[in-house]
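Notes for the structure review
Read off the chains here:
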Amino acid sequence: MKIEYLLQSISLPKHYYNDFSCSSVIEVLYTEKDDVSDLMKWLHDNHLLHRKMLLKPEEETVNFLRRLLKDGNVVAEDLWKDFQNDDEWIKNNLLNLKTPIICRINDISIYGPKDAKMCDLFISDFDFNEQGARLIE
C-alpha cells in the first residue's frame, strides 16, 4: 500500500536525459582521421547520451548522410565545401567532411510533435571547448 501511494505521488518530468525527449541521442559522426576520444569522454562526463558512427565509404554511410540532408534540416555545404550530389563522390570525399559532426537525432513517430525533425541540432567541425555549451544548455 505504501509503495502504491509513493508511486502515485511521484510526478516524473516529461524529459529524462539531455534535456531532450526520451528518445533523443547525440550522434558523433567522425572519419578515420579524427581522434574523438576526448570528445567521447567530455560527453560522458557531462552525462549526455551519445553514440558514435565511423563514416566509411559504404552504402550505409551514404544513405545516412542523404537522410540527414533530406530530413534533418542540414545543408550539404555544412558538410563539404564543394558538394556534388553523387553517391560515388560522397564515398570518395568522406575524408573532406568537416568533422567531427554532432547531431541531436530524434526518434520521429506519429506520437511526437508534427514539426519534429530527425535532426534538430547540427554542428560540423565540432570543438567541445568552444561549442559544448550548446549541448548542455
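Here's what I pulled together on the structure shown here. Along each chain, residue indices are assigned from 1 in the same order as the chain's sequence is written. For this predicted model, a pLDDT threshold of at least 70 governs which residues receive local features, and a threshold of 80 or more governs which side-chain atom pairs are given and counted, while totals over whole chains, interfaces and linings are taken from all residues. As a rule here, side-chain values come from all non-hydrogen atoms in the structure, and water together with hydrogens is ignored.

Notes on the pairing of strand 4 (residues 119-123)
Burial of strand 4 is extensive: four of the five residues sit out of reach of the surface. For two strands to pair, DSSP has to find at least two bridges joining them. Only DSSP runs of H or I reaching four residues or more are called helices, and only runs of E reaching two or more are called strands; each is numbered from the N terminus. Bridge count for strand 3 (residues 101-105) against strand 4 is four bridges, and the pairing is antiparallel. Its bridge partner being in strand 4, Ile 105 is matched across the sheet by Cys 119. Each residue is placed in one exposure class: buried if its accessible area under a 1.4 Å probe, protein chains only, is under 20% of its type's maximum, exposed if it is over 50%, and partly exposed if it falls in between.

A look at the pattern of salt bridges
Salt bridges, as used here, are contacts in which a Lys or Arg side-chain nitrogen is within 4 Å of a carboxyl oxygen on Asp or Glu. The full count for this structure, using the stated rule, is six salt bridges. Its salt-bridge partner being Glu 59, residue Lys 91 comes within 3.2 Å of it at the nearest N-O pair. Here the residue Lys 91 occupies a position in helix 4 (residues 87-92), and Glu 59 occupies one in helix 3 (residues 59-71), the gap between them amounting to 32 residues. Judged by its relative accessible area of 18%, Lys 91 falls in the buried class. Glu 59 sits in the partly exposed class, given a relative accessible area of 38%.

Describing the nonpolar core
Counting residues in each nonpolar core, the largest one holds 23 residues, and the members touching the most others are Leu 29, Leu 68, Leu 79, Trp 80, Cys 103, Ile 105 and Phe 122. If you list the elements that add at least two residues to this core, you get strand 1 (25-30), helix 3, helix 4, strand 3 and strand 4. Only buried residues count toward a nonpolar core. Its members are Ala, Val, Leu, Ile, Met, Phe, Trp, Tyr and Cys residues joined through side-chain atoms within 4.5 Å. Grouped together as the second largest cluster of nonpolar side chains are 14 residues, Ile 26, Tyr 30, Ile 102 and Phe 126 included.

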